[in-house]
Structures are given as C-alpha cells and as structure tokens.
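# Results of the structural survey
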Amino acid sequence: MGSKFKNFSLISLGMVAGVAASVQFSAMAEKNTSGPLPIEELRQLADVFGLIKSDYVEPVEDNKLLTEAITGMVASLDPHSAYLDKKAFKELREGTQGKFVGLGIEVGMEDGYVKIISPIEDSPAYRAGLKPGDLITRLDSVPIKGLSLDEAVKKMRGDPGSKITLTIARKNEDKPIVVTITRELIKQQSVKGKMIEPGYAWLRISQFQEPTVEDMAKKIQALYAQDPAIKGLVLDLRNDPGGVLPGAIGVSAAFLPKDVAIVSTNGQLADSKATFYAKREFYGTRAIGDPLAKLPEAIKNVPMVVLINTGSASASEIVAGALQDYKRATIIGTQSFGKGSVQTIRQISADTAVKLTTARYYTPNGRSIQAKGIVPDLNVEETADGDGFNGLRTRESDLQKHLSNDKEAEQAKLKVDELEEEQRLFALAKKSKPLEYGSKDDFQLAQALNHLKGLPVKVTKPDEVKESADKDDKSEPKSDTKSDTKSDTKSDTKPDEKKK
C-alpha cells in the first residue's frame, strides 16, 4: 500500500451504554508486512469474490463484499478488534471527547428490555422526565425485545433535531408512558464529587475522556475549598468502562508521587513496548500547562478507598491497579472486568479505520489484568444481600476468543449448577431497586467510609455460602475486622519500573 495511515491506539471495550474504551493517541509510521503475502490464499479469496458476483441469487455490490470481508477478518481475531465504518468511527471519536448525539441516558438490559440506569443531567431524556429503573419497551412503536443493547443504542442515536418516540414501563404505573424526545448533542460530565459528610469526600469518574483530568483537578480543588481538612477520599470507579489512556494516567498521577510508573505495555511493535509515567507529557492533552499543578499537597497523602465492580474496565483497572500496587489506596468492591489489552486505531480512509489489538498492559508491579481483572483488597458486594445484577454480568474471560493472561494460567470456569446459580442471582437482583451512586442507600460507599474511619467493614468472604434466593430470613453479612487492616498511606517501596 502506498499511502501512510493516520492512526491512534487504544485500550478499548465498547460504547456509551455498555462497556467502553481506554484510548491512547499516537502517531506511527507505515509498517511493512513481516513476510511474503500468501498468494494462494489471496487467490482463493478472489475466486470466492468472483463466484459470489457471478452465481449469487441477486447482484451484490463490490463495496459490500469487500467491507464484509474486512469486517469478518478483523473480528475473527479477538472480541476487541473491529473494522470501523464511517458511523462507528465517528461515534468513537465523539465518545473520547465526551459528546455524542442522542437522548442522554445511561442504559443497560433487563428482561430483554433497555433499562434506564440514569438520565444525564439537563439532557433531553432528563427534561422529558425519564427516571432510573424505567424500562424502554418500544422505539418508534417497534418492540425492543430481541435487539441487543448495541442495536437499541444505535436506534436511539441519530441526527441533531430528529425525534424518536419511546414507550416506557415504569414501576407502580398501570399504563405505559409514551414520550417523544428530540435528539441533541450530549456533553457528558465524566467527573462528579461532593462531601459525603464533614471530612469525607466522594469523587466519581464515570468514564475517562479528554477533559477528565482537568475536570477532576477542578473538582478536587472545589472539595478542598469546601473542607480544607479532608480526612478521607473515596474514588468511585464502579461501572466506569474506560476511556482515554492519558485520563487514566492523569487520575493516577494526582494521588501518586511524581514521575512514578503508572502502566506499561508489551506487544510485537516496537512502539507497543512502553512505560507510561506520572509526568505531564503522558497525561496532558492540551497546551494549557499541567492541570494537576495547582492541586493541594494534601491530595498525595489523604487516606483513600477506590470502589470497583464488574463494570470497571480497562482505564479504570489501570488506575485501580496502580494505586493498589503502590499501596496508596485500599480497593473495595468486587472483581473488575479484566480488560487488559491495547487496541490501535489505524485510519484507512478519511472516515473509516481498523481497531486492532496490538499489546497487553501491565500494572507497575508487572501484573497482567487481562481476563482476570483487579481483585479488591476487601470484597464488598453492591448490597448487604448480594451483588445485584453485577453477579450476572459478562466479564472479559467470558468473551469468545478473548486473549489469555500471559502471566498466569486462566482458571477453568466452574460449570456445575451454573444455571441454578444464575437463576438465584437473577431472583435476588430483581428484588433490588436502582442504585444511585453516592446516595445514602449506597452500601459499598458506606463500607468505604467505615474503612476510612477505622470501623468494621461488612465483607463477603470468598468461601461464604450463599443463601437461597427464596429464603425470607436472610442472615446479616459477617463483619470481618481482621482483614480490614490495610494502610491507607503510600508505600516507600517503589514497584519495578522495567518495560514489559
């Protein structure tokens, strides 16, 4: 090929309504193939192409055949490699900038319907009165059941000013609610924060975007202005699917000593063998100076808890892994998703690209997160009665063709009574009401505050026998004060910083 490709790399997962991406932008020279082309196999491809053109029941456009061939070839590699057509490439670029055209809702799936997790503040969905827990049953009068979450989200997106009619099923409402919403450009705020109580701050990052480091720095400054004597900080990364890699490095750097290693990557390309440090050049994406320069000095030493769950992926795991390796924070919650691979975006035309897995990433101590995730220091489920729908979520190790963890053998999946266990979890989860992170009903946050105060934390022991879903008198979860003794101060010991 005679042209040079513009490209950028990412550590990625999905989209704004499911699991999303960790993106690293870079420039890379054209790379020649490492060996001769397989002429015989390429001849077979040309033969099949000709056969379809001449013998198929109806005419097929050349562009469709070639695009589908590229799509299938790339998708056959692993769950995160993909061909990005014009629309997909546009959505990817918009997502990293924290904006997209749509309704402004965070969604998931329940019983085959799209469940609203939360409307984004001041979005069309928010102004239309949509609420957490609402189920979307129809889009423009077409039943939603049978669609995947990605398919439903694509239907809800569109051009600015275009309209879509949603049919909503709401708890305690006898009749469906029908509402027509006009799509708008949605600007996501990836950082939230507040004082939970005097002396204790909560900082939530819902996705790592280009403005995240600057937004986080401003929020931290505001929290310290409100209470200069903060005694403990909870960094909430639950259901954070990832985002831009500089964002993950910058968030980690805010709490760690200057210039320490945050994450390393390793793959076939020379540029994929790299280590990223807590330095301005690795997290600063705009020419406005160092966004972390004006942070209060106390932020480097304030006792910390990081909250994670099954929905915490890629960039979230980079942050949690770095803070865990340096013993800077106690990790509380449940085991994270396990997305530890790096994707590189190669732009192949003005508006299309290929997303290709090019490396694995490693924590400062050299741990591979791939297909394993971050294991919390204290395992605390979403509620006192269990982990809700988190226990039913797909993790990286569940995906077909996922990369193996090159540092250790993957554990064989337990198949015994798997269906029975899923049914039990589903029955428990259906009884739980939608959770608003940072609210007074946030059980995991309450346990994080207990830890910061030196109080007992209600942990879930790995060998704890689960109660039956239909048992009415559930026992209280046990308090494990013995395991809750980790220091919240940074370690003097520095993890190895060698390249992987």
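Moving on, we get to the nonpolar core. Membership of the largest hydrophobic core comes to 54 residues, with the highest contact counts inside it found for Met216, Leu235, Phe255 and Val306. The greatest single-element share of this core, amounting to seven residues, is contributed by helix H7 (residues 245–255). The contacts of Met216, once residues within four sequence positions are left out, are Val191, Leu203, Ile205, Gly250, Val251, Ala254, Phe255 and Leu292. Counting 19 residues, the second-largest nonpolar core is a separate cluster that includes Ile105, Ala152, Ile168 and Ile181.

This paragraph deals with helix H6 (residues 212–226). Turn by turn, an α-helix covers 3.6 residues, leaving residues three or four places apart pointing in a common direction. Between its terminal C-alpha atoms H6 stretches 21 Å, which fits the 21 Å expected from 15 residues at 1.5 Å a residue. All of the buried residues in H6 are Thr212, Val213, Glu214, Met216, Ala217, Ile220, Leu223 and Tyr224. Where H6 is buried, its residues contact strand S12 (191–197), strand S13 (200–205), H7 and helix H8 (280–283).

Right, let's talk about helix H5 (residues 149–156) for a bit. Listed in full, the buried residues belonging to H5 are Leu149, Ala152, Val153 and Met156. End-on view of H5: buried residues confined to an arc of 100°, all on one side of the axis.

Tallied over the entire structure, the rule returns 10 salt bridges. Ionic pairing is found between Arg367 and Asp325, a salt bridge with its closest N-O pair at 2.6 Å. Of this pair, Arg367 sits in the loop between strand S20 (353–362) and strand S21 (378–379) while Asp325 sits in helix H9 (residues 315–325), and the two are 42 residues apart along the sequence. Note on Arg367: relative accessible area 29%, which makes it partly exposed. Salt bridges linked by common partners bring Arg204, Asp236, Arg238 and Asp442 together as one network.

What follows covers the packing of H7 against H9. Relative to each other, H7 and H9 sit at 25°, their axes nearing to 9 Å. Classified by the angle between their axes, H7 and H9 sit roughly parallel to one another. Pair H7 / H9 crosses with right-handed handedness. Across the interface between the two elements, Leu245, Ala248, Val251, Ser252 and Phe255 of H7 pack against Ala315, Ile318, Val319, Ala322 and Leu323 of H9. Tallied by class, residues from the contact of H7 with H9 come to nine nonpolar, one polar and no charged.

Conventions we followed
Residues numbered from 1 in each chain as written. Predicted model: local features only at pLDDT ≥ 70, side-chain atom pairs only at ≥ 80, totals over all residues. Heavy atoms only, no water. Core = buried A, V, L, I, M, F, W, Y, C linked by side-chain atoms within 4.5 Å. Buried < 20%, exposed > 50% of the residue type's maximum accessible area, 1.4 Å probe, protein only. Helix = DSSP H or I, 4+ residues; strand = E, 2+ residues; numbered from the N terminus. Contact = heavy atoms within 4.5 Å. Expected span 1.5 Å × (residues − 1). Arc of directions from axis to C-beta. Salt bridge = Lys/Arg side-chain N within 4 Å of Asp/Glu carboxyl O. Axes fitted to C-alpha atoms, helices over the stretch in contact; angles between N-to-C directions. Parallel < 35°, antiparallel > 145°, perpendicular 65-115°, else oblique. Left-handed = near helix turned anticlockwise from the far one by under 90°. Nonpolar A, V, L, I, M, F, W, Y, C, P; charged D, E, K, R; others polar.

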